[in-house]
Amino acid sequence: MMTYLKRRIGDMLTSRLLHKLVVKPAINNGFLLTDTGSICVRDQSPYLQSLIYWKLYERSEVKLIKRFLKQNVPVIEFGASLGMTSASICTTLNKTVRVISVEANPKLFYNLTETKNRNGFDNLQLICAAVDYSGEPSISFMLDESNLGSHKGISENSVQVPAVELNRIVKENQLKHFALVCDIEGAELELFINETNTQVIEACTQIIIELHPAEYNGKKYVRSEINDIILEKFKMRTIYTDGKTWVYEKKK
């Protein structure tokens, strides 16, 4: 019953009527003001704009970033989207701590860049690329109409985007330690299975991640199996989970 009520309330808040009456008037020159800063929603769907206005978009990740993220540890973020979590990271960390945010969708990357500039996040470095361990320099990325379901694959809406691996970002930026914030709609499985650089694994001190059931190389994985991979490979322990987003820290 509670789940049903939540869905009905969500449907109402993201309706086109409420968007027209409440959300659209709140958009100022393409930006919505949130608790973590001004987020660029220009050219995005009314549904996505409504999610942001009503604090439903990436709510779990934002909450846990504010609660658990270490203030003095550099952050690598995969799946930055419009910059909601990026803004949360930047406002949680000390202003001089580096943040490297990666987003594959070129349509969202424009908004992400505008969000960075509007908020003056000088410590934020942006990369337009997709996590991929095939060894190819670029991959096909399918663009979803709403931008929420975009993912790797080939279709009439596919575009080529650069490929990137976690170890490359760590090496190129000479990070001795870092926290990983991740929401890449199931692509995290490929990252955790294929990342084998022991120095990079050791340097990762904290992970805040939304886990999704996923399939890789013909095998399906549920959240608990992905959780086990993270715990074993990265030598982590679970600090907290709300069933959607997990917080891990290095074992002491």
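Attention in this report is confined to the structure presented alongside it. Owing to the predicted nature of the structure, the values given are computational and were not obtained by experimental measurement.

## A closer look at the overall build of the chain
Inference 1: The secondary structure content of the chain amounts to 10 helices and 15 strands.
Inference 2: For a compact globule of 252 residues, the expected C-alpha radius of gyration is about 18 Å, and the chain comes in at 18 Å, within 12% of that figure.
Inference 3: Referenced to the eigenvectors of the C-alpha coordinate spread, the extents of the chain come out at roughly 55 × 45 × 40 Å.
Inference 4: The contacts of the chain with a sequence gap of at least 6 include a subset with a gap of at least 24, amounting to 65%.
Inference 5: Element-wise, carbon and sulfur atoms account for 51% of the exposed surface of the chain, whose accessible area totals about 12,900 Å².
Inference 6: If you average the places of the 32 positive and of the 29 negative side-chain charges in the chain, the two averages end up 7 Å apart.

## Observations concerning the environment of N111
Inference 1: By the secondary structure assignment, N111 is in helix α6 (residues 106-119).
Inference 2: Judged by relative accessible area, N111 falls into the buried class, the value being 1%.
Inference 3: Linking N111 and T34, residues 77 residues apart in sequence, is a C-alpha distance of 15 Å.
Inference 4: Sequence-distant contacts of N111, that is, excluding residues within four places in its chain, are made with C40, V41, R42, Q44 and L82.
Inference 5: In terms of polar contacts, N111 uses its side chain to reach the side chain of Q44, at 3.1 Å.

## Notes on the pairing of strand β4 (residues 99-103)
In the case of a regular strand, side chains alternate between the two sheet surfaces.
Inference 1: The buried fraction of β4 is high, at 5 of 5 residues.
Inference 2: Alternating residues of β4 divide into V99, S101 and E103 and I100 and V102, and every residue in both groups is buried.
Inference 3: Read as a crossover between parallel neighbours, the route from strand β3 (residues 75-78) over helix α5 (residues 84-92) to β4 is right-handed.

## Considering the sheet that holds strand β8 (residues 151-152)
Within a sheet, each strand pairs with its neighbour through backbone hydrogen bonds, oriented either parallel or antiparallel.
Inference 1: Taken together, the 4 strands give an open sheet; going across it, the order is β6-β9-β7-β8, and neighbouring strands pair in mixed fashion. Single-partner strands in this sheet number two, and they are β6 (130-131) and β8.
Inference 2: Where β6 lies against strand β9 (residues 158-164), 2 bridges are found, and the strand directions are parallel. By the bridge assignment, V131 is partnered in β9 with V164.

## Quick word on helix α3 (residues 46-53)
Inference 1: Taken residue by residue, α3 has L48, Q49, S50, L51 and I52 as its buried positions.
Inference 2: Phi turns positive one or two residues past the end of α3, at K55, with a value near 65 degrees.

## Concerning the nonpolar core
Among soluble globular proteins, nonpolar side chains are generally buried collectively.
Inference 1: One finds I76, F78, L166, F178, L180 and I207 to be the most contacted residues of the largest nonpolar core, which totals 36 residues.
Inference 2: Beyond its immediate sequence surroundings of up to four residues, I76 is in contact with I100, L166, I169, V170, L175, F178, A179, L180 and V181.
Inference 3: If you look at the next biggest cluster of nonpolar residues, it comprises 33 residues, including L32, L64, F121 and L124.

## Structural notes on the side chain of D132
Inference 1: Position of D132 relative to the elements: it lies in the loop between β6 and β7 (138-142).
Inference 2: Overall, the relative accessible area of 7% leaves D132 in the buried class.
Inference 3: Polar side-chain contacts of D132 include one of 2.4 Å to the side chain of S134.
Inference 4: Setting aside chain neighbours within four positions, we find D132 in contact with I139, K152, A163, V164, E165 and E190.

Analysis parameters
Residues numbered from 1 in each chain as written. Predicted model: local features only at pLDDT ≥ 70, side-chain atom pairs only at ≥ 80, totals over all residues. Heavy atoms only, no water. Helix = DSSP H or I, 4+ residues; strand = E, 2+ residues; numbered from the N terminus. Rg over C-alpha atoms; globule rule 2.2 N^0.38 Å. Contact = heavy atoms within 4.5 Å. Areas by Shrake-Rupley, 256 points an atom, 1.4 Å probe, with all protein chains shown as cover. Lys, Arg positive; Asp, Glu negative; His and termini not counted. Charge placed at Lys NZ, Arg CZ, Asp CG, Glu CD. Buried < 20%, exposed > 50% of the residue type's maximum accessible area, 1.4 Å probe, protein only. Polar contact = N/O pair within 3.5 Å; in protein donor to acceptor, adjacent residues only side chain to side chain. Right-handed = clockwise from strand over helix to strand, strands pointing away. Pairing = 2+ DSSP bridges. Core = buried A, V, L, I, M, F, W, Y, C linked by side-chain atoms within 4.5 Å.

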